[in-house]
Amino acid sequence: MSSRRDTADRLRELMETEGDAVAQNTRTVNQLSDYAIQRFDDYEDLRDAARGIKESAIENLPELLDQVTEAVEENGGQVHVAQTAADANRIVEGIMADREAEKLVKSKSMTTEEIDVNDHLESAGYEVVETDLGEYVIQIADEAPSHLIGPAMHRSPEDIAELFNSEFDLEADLTGDPNELTEFARERVGEHIREADVGMTGANFVVAESGTLMLVTNEGNARKTAVTPDTHVAVAGIEKLVPSLADLQPFTELIAKTGTGQDITSYVSLLSPPVDSPIPDFEADEMRPADEREFHLVLLDNGRMGMREDDDLRETLYCIRCGACSNACSNFQAVGGHGFGGETYTGGIGTGWEAGVHGLQSADEMNDLCTGCSRCEPKCPVEIDIPWINTVVRDRINREAEGDEFDFLVEGLTPDEEPAGLDLQKRLFGNIGTLAKTGSLAPGLVNTVAGSRPGKWVLEQAFGVDPRRDLPEFAEETLREWYGARGAQVTDPDRDVVLYPDVYTDYFDPERGKAAIRTLESLGVRVHVPAVPESGRAPLSQGMIETARERAESVHGALVTHVDDGRDVVVIEPSDLAMFRRDYGKLLPERSAERLSENSYDVMEYVYGLLDNGADAEGLDAPGDDGDADIAYHSHCQQRTMGVDEYTESVLSDLGYSVRTSDVECCGMAGSFGYKSEYYEVSMDVGDHLRDDLGEVEGATLTASGTSCQEQLDVLYEREVPHPIELIAPR
């Protein structure tokens, strides 16, 4: 594990050298994918269907392995089941030796990247040539793929031209014209394919009933690789098995839309090898009979059966490797797969793969780049809960840490549920509820110390808090203290609600809580603000699952009586609402989680509902003659995933405000992420993209729903950024 400074240096270098190309390519594909999905009416139905097929296939994997073996052998091929990467490489090397082969050409395949087959064969004296353009580029550059489906995404056309010009003896230098580069590579790759003795492909899917391979590409070289040499070796993970040809339909529809934003990829090849096409003999200029063909299907376990038995990692096996989670991820857009990646796999889902096939240590550093923002979830064509997989892996990495003799000094920051060796930074941010309760006893003193140079030095040295960030300041009076002295103001209410006093609202920014109370009361609602623990969001974000579970149980205990009494739960902080609506499903008994989920609302969603049901908006603050009508609004990523961001926009617009909303989904702060010294510059890079998107806001009121979004926009625009509820609250 590198130091925080090493991590910051490495990520900074990646942003400087590869960041522009990665950002441009991922954001473009993400926009194309959004467009393709928006106009695809069957998207959700096919996601459900694809999910169901993968769940069933993984459940019945042993039976499918027997079935595909029988089908391939009946076709005339041979199936090899490799338990490990070493087994798979020995099998492939044996095939090369048996065929007296010298050269192997490959199509793009992450599974063969996983087993390092190129290195293995080259060390044994064989020539291996990649035929996918992106793979061809990184093979020449001796680099690892930076994206699941765009291995050279980190390179611009100009970079690639420079690479080719330096590696090949050319009569004239290539320019950065993509057409010229593609034509150049196609000629050379084609020559290798004609000379090759063996062709190796992966497989997007393998049909158990027929032994059919489905290859999805945009270049066509996979098919050439499979059918030109007389020997075809396909290497695929065992999770690629599906029962029948009919099961391919939803995946064919989904993979292009989510992966590249296309309606369908340029080539969708279905082969049941050995194929019956005659074999081209380019030296003799003749065709040899098809019955001389050989086909070997190498099915790789390499930890997958263990993942299948793991309740939390099993979902990783549903992945169809479209790369959509990477494209949707703001941190990936900033640093690419060379930063957000392990030995083989990249991006959000990469953590599950790395932990499953290479071990937890391989997932260690990349794992922290997932902030749990959840924007990858709607993009995943098989509905994988990718943030949860990252949280589980983080929790397991935490538990591998060993304590030392000084651990007693920070014992108070380590809940009983967590291991003694837990990283100090995670202890700090994972226990923000406890720290806030303690700090609020002497807010003035704590604010002075935390904002002082010595205070910042200690926070940086001990906890990795970046000194370029200012921690939120404690309020002199908490929301609950204010409410306790004031009490409920509505005596004959239309509705009764509990306003959840999240940590930030209660201890640091009670004004937005007061605004919420005044707004709800003006709409005829009686508001209660009971003492309720921190939601568990903070420990969950640090991979402290058992602590989060304990907090969830406490929150449920504090709120369930109110819910029993018919009170709705109104939440200001979107990340806490996401806990109640979604994450508690992983932490609480099913019925308990459902009750909180069904009775919890975003504060602006609740206001919208009241107004929509006839509440009088007369008391709310609407635009006047003081030039406050224009609003630049940034909604929280969790709001977007839950689909509640639209209510804020509707309420503001209905009251007469002119609302401009950011298209960029992430502010870069992501809770504690932007405070961490190793990630500060990544968070600012993401934030700069948001500022570019919002553009000039002079004369407009800048507002955001999330605490961390407000903090980041405060810094980016050097002005205070209120919550939308503060704009409409009665004065």
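Further up the page is the structure itself.
I will try to describe carefully the structure that is included in this document. Every value quoted in this text rests on a predicted model; they were computed, and no experiment measured them.

Thresholds, definitions, all that
Here the residue numbers are simple positions, counted from 1 along each chain's written sequence. The predicted origin of the model limits local features to residues at a pLDDT of at least 70 and limits the giving and counting of side-chain atom pairs to 80 or more, whereas totals for whole chains, interfaces and linings rest on all residues. In computing side-chain properties, one takes all heavy atoms of the structure into account and sets aside hydrogens as well as water. Helical segments are the DSSP runs of H or I of at least four residues, strand segments are the runs of E of at least two, and each set is numbered from the N terminus. Classification of residues uses two cut-offs on accessible area relative to the type maximum, computed with a 1.4 Å probe and protein chains only: under 20% is buried, over 50% is exposed, and between them is partly exposed. Throughout, a contact is declared for two residues whenever any of their heavy atoms are within 4.5 Å. Values of accessible area rely on a 1.4 Å probe in the Shrake-Rupley scheme; residue burial ignores everything except the protein chains shown. Should DSSP find at least two bridges between two strands, the strands are regarded as paired. Between N-to-C directions, angles cover 0 to 180 degrees, with each direction set by a line fitted to C-alpha atoms, over the stretch in contact for helices. We define the nonpolar core as a collection of buried residues of types Ala, Val, Leu, Ile, Met, Phe, Trp, Tyr and Cys that are connected through side-chain atoms lying within 4.5 Å of one another. Working definition: roughly parallel below 35 degrees, roughly antiparallel above 145 degrees, roughly perpendicular at 65 to 115 degrees, and oblique for all remaining angles. Amino acids outside the nonpolar list (Ala, Val, Leu, Ile, Met, Phe, Trp, Tyr, Cys, Pro) and the charged list (Asp, Glu, Lys, Arg) are all regarded as polar, and Gly is one of them. Should the near helix be turned anticlockwise from the far one by less than a right angle, the crossing is termed left-handed; should it be turned clockwise, right-handed. Residues enter patches when they are more than 30% accessible in relative terms and free of salt bridges; like-charged ones are connected within 9 Å and nonpolar ones (Val, Leu, Ile, Met, Phe, Trp, Tyr) within 5 Å. What counts as a salt bridge is simple: a side-chain nitrogen of Lys or Arg found within 4 Å of a carboxyl oxygen of Asp or Glu. The sign given to each residue is positive for Lys and Arg and negative for Asp and Glu; His and the chain ends receive no count. Charge coordinates come from a single atom per side chain, which is NZ of Lys, CZ of Arg, CG of Asp or CD of Glu. Note on terminology: pairs of cysteine sulfur atoms within 2.5 Å are recorded as disulfides.

### Quick word on the overall build of the chain
The number of helices and strands found in the chain is 35 helices and 19 strands. By the burial criterion, 59% of the 731 residues in the chain qualify as buried. Of all intrachain contacts in the chain linking residues separated by at least 6 positions in sequence, the fraction that spans at least 24 positions is 75%. With the model as given, the accessible surface of the chain reaches about 29,400 Å², and the carbon-plus-sulfur share is 44%.

### Details of the sheet that holds strand β19 (residues 701–704)
Strand order in this open sheet of three strands is β18-β17-β19, and the pairing throughout is parallel. Lying at the two open borders of the sheet, with one neighbouring strand each, are β18 (658–661) and β19. Neighbour to neighbour, the strand axes of the sheet diverge by 30° on average, direction disregarded.

### Here we look at the nonpolar core
Ranked by internal contacts, the top residues of the largest apolar core, which has 42 residues, are Phe251, Ile349, Trp353, Ile384 and Val393. Those elements giving two or more residues to this core turn out to be α3 (43–59), β5 (205–207), β6 (212–217), α12 (248–259), α14 (324–327), α16 (350–358), α17 (360–367) and α18 (386–400). When residues of this core are assigned to their parent elements, the largest contribution, five residues, is made by α3. The contact partners of Val393, leaving out residues within four places of it in the chain, are Leu313, Thr351, Ala355, Leu360, Ala363 and Asn367. Listed in part, the 31 residues of the second largest apolar core include Leu520, Val525, Tyr606 and Leu655.

### Some points on the packing of helix α23 (residues 479–486) against helix α25 (residues 510–522)
The relative placement of two packed helices is expressed as an angle between their axes plus a distance between the axes. For the pair α23 and α25, the least separation of the axes is 9 Å and the interaxial angle reads 40°. With respect to α25, the axis of α23 lies oblique. Contact residues: Leu479, Trp482, Tyr483 and Arg486 in α23; Pro510, Gly513, Lys514, Ile517 and Glu521 in α25. Taken together, the residues of the contact of α23 with α25 break down into five nonpolar, one polar and three charged.

### Focus on the packing of helix α27 (residues 545–564) against helix α28 (residues 574–587)
Relative orientation of the contacting elements α27 and α28 amounts to 115°, with a least axis distance of 10 Å. Relative to α28, the crossing made by α27 is left-handed. Between α27 and α28, the contacting residues are Ile545, Ala548, Arg549, Ala552, Val555 and Leu559 on the first element and Phe580, Tyr584, Lys586 and Leu587 on the second.

### Some remarks on a negative patch on the surface
A contiguous patch of negative charge on the surface is contributed by Glu59, Glu63, Asp66, Glu70, Glu73 and Glu74. Ranked by residue count, the leading element in the negative patch is helix α4 (residues 61–75), at five residues. Topologically, Glu73 is positioned in helix α4. Judged by its relative accessible area of 47%, Glu73 falls in the partly exposed class.

### Side note on the state of the cysteines
In total, this model carries zero disulfides according to the counting rule given. No disulfide involves Cys325; its sulfur sits 6.2 Å from that of Cys376, the nearest cysteine. With no disulfide of its own, Cys667 lies closest to Cys709 among cysteine sulfurs, the gap being 4.1 Å.

### Comments concerning the pattern of salt bridges
Where charged atoms of side chains with opposite charge meet at close range, the side chains can pair. On inspection of all chains with the given rule, the structure shows 55 salt bridges. In this structure, the salt-bridge partner of Glu292 is Arg288, at a minimum N-O distance of 2.8 Å. We classify Arg288 as partly exposed; its relative accessible area is 23%.

### A word on the pairing of strand β15 (residues 568–571)
Alternating residues of β15 divide into Asp568 and Val570 and Val569 and Val571, and every residue in both groups is buried. In terms of strand pairing, strand β13 (residues 495–500) meets β15 through four bridges, oriented parallel. The residue of β15 that forms the bridge with Val498 is Val569. Pairing of β15 with strand β16 (residues 600–602), which is carried by three bridges, proceeds in the parallel orientation. By the bridge assignment for β16, Val569 is matched with Ser600.

### Comments concerning the environment of Met669
Looking at the element boundaries, Met669 is found in the loop between β18 and α33 (680–694). Taking the C-alpha atoms as reference, Met669 lies 9.4 Å from Thr707; in sequence the two are 38 residues apart. When sequence neighbours within four positions are dropped, the list of residues in contact with Met669 reads Arg469, Gly674, Tyr675, Ser708 and Gln712.

### Topic: the side chain of Asn89
Among the secondary structure elements, Asn89 is positioned in helix α5 (residues 85–98). Judged by relative accessible area, which is 6%, Asn89 ranks as buried. When neighbours within four sequence positions are excluded, Asn89 is seen to be in contact with Ile115, Asp116, Val117 and His120.

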